[in-house]
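# Summary of structural features
Here are the chains, one letter per residue:
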Amino acid sequence: MKKFIHIITDTSLQDTLIHIALLIFRIALSLELIAAHGLKKLGVGVAEAEQVPNPLHLPEAFNSLFADAANLVFPVFVICGFFTRAAVLPILAVTLTGYFVLHWNDALLIKDTPFMYSLCYLFLFFTGPGKYSVDNYLRKI
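All of the points below concern the structure found in this document. What you see as residue numbers is a count from 1 along each chain, following the sequence as written. With the structure being a predicted model, the display of local features is reserved for residues of pLDDT at least 70 and the display and counting of side-chain atom pairs for 80 or more, all residues being used for whole-chain, interface and lining totals. Values reported for side chains reflect all heavy atoms of the structure, with hydrogen atoms and water molecules removed beforehand.

## Some remarks on the pattern of salt bridges
Salt bridge criterion: a side-chain nitrogen from Lys or Arg within 4 Å of a carboxyl oxygen from Asp or Glu. Under the counting rule described, the total for this entry stands at 2 salt bridges. In this structure, the salt-bridge partner of K40 is E50, at a minimum N-O distance of 3.7 Å. A residue pair is termed long-range when its members are at least 10 positions apart, and K40 in helix α2 (residues 16-42) and E50 in the loop between α2 and α3 (60-80) qualify at 10 residues. When its relative accessible area of 27% is taken as the criterion, K40 is described as partly exposed. Relative accessibility under 20% of the residue-type maximum defines a buried residue, over 50% an exposed one, and the middle range a partly exposed one, all with a 1.4 Å probe and only protein chains included. What makes E50 partly exposed here is its relative accessible area of 30%. Only DSSP runs of H or I covering at least 4 residues are called helices, and only runs of E covering at least 2 are called strands; the numbering of each starts at the N terminus.

## Regarding the layout of surface pockets
By rolling a water-sized probe across the atoms, one finds the places where empty space is left. In this structure, the largest pocket occupies an estimated 530 Å³ of space. Surrounding the largest pocket, 26 residues form its lining, P53, V94, T95, G98 and L102 being those nearest its centre. Of all the secondary-structure elements, those providing two or more residues to the lining of the largest pocket are α2, α3, α4 (84-102) and α5 (108-127). By residue number, the principal contributor to the lining of the largest pocket is α4, which donates 6 residues. Charged means Asp, Glu, Lys or Arg here, nonpolar means Ala, Val, Leu, Ile, Met, Phe, Trp, Tyr, Cys or Pro, and polar covers whatever is left, Gly included. A breakdown of the residues in the lining of the largest pocket according to their chemical character gives 15 nonpolar, 8 polar and 3 charged. A cavity, in this analysis, means grid points on a 1 Å lattice covering only the protein atoms where a 1.4 Å probe fits yet has no way out; a pocket is instead an open set bounded by protein on both sides within 12 Å along at least five of seven lines, and a residue lines either one if it has an atom within 4 Å of a point. Grid points are joined across faces, edges and corners, and a volume is the space filled by probe spheres set on the points. Volume-wise, the second largest pocket comes out at about 250 Å³. Taken together, 15 residues line the second largest pocket, and the ones lying closest to its centre are H19, L22, T127, G128 and G130. Elements that contribute at least two residues to the lining of the second largest pocket include exactly α2, α5 and α6 (134-140).

## Things to note about the environment of E32
In this structure, E32 sits in helix α2. Here E32 falls in the partly exposed class, since its relative accessible area comes to 45%. Remark: the alpha-carbon pair of E32 and I110, spanning 78 residues in sequence, is separated by 17 Å. We call two residues contacting when some pair of their heavy atoms lies within 4.5 Å. With near-sequence residues (within four places) excluded, E32 lies in contact with H37 and Y117.

## So, unusual backbone geometry
Despite not being glycine, H57 has its phi angle at roughly 55°, a positive value. Mapped onto the elements of the fold, H57 is located in the loop between α2 and α3. For H57, a relative accessible area of 70% puts it in the exposed group. One non-glycine residue, F83, lies in the positive phi region at around 50°.

## Overview of the packing of aromatic side chains
Each pair of aromatic rings taken from Phe, Tyr and Trp, with Trp reduced to its six-membered ring, is defined by centres within 6.5 Å and is described as stacked if the planes are under 30 degrees apart, edge-to-face if over 60, and tilted in the remaining cases. Taken as a whole and judged by the stated rule, the model has 10 aromatic pairs. We call a charge positioned over a ring when the NZ of a Lys or the CZ of an Arg lies within 6 Å of the ring centre and within 35 degrees of the ring normal. The ring of W104 carries the charged tip of K111 above its face, separated from the ring centre by 4.8 Å.

So, in structure tokens, the structure goes:
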């Protein structure tokens, strides 16, 4: 019983389990972002491609390209753990803009999605991708 309590209360971040959890978290989170938001912008799974909001009034081509890359390209980098912290930044730019600018005055059930994505990607920004990543491999070279 003492060993069981020790196992379930262990807070060591050097354990293999934390790296497996980070891998699964990175993959699941980024696949969800791609499936739920990225593919809709290409018109996959919907009758018409989703229009990208432009609350900051950036040039339309740049805004669309940036949002598409943040929802389709950079999540693939995060899945692979390739330049993870840098890849998270454009995703955070889009999700935090969605939360603080686009949906700030909306109901909680609408603005919770960009909030949760922002929290999750901030977590990855601070923790890094873990041992099972391209970043870890590149760091050893």
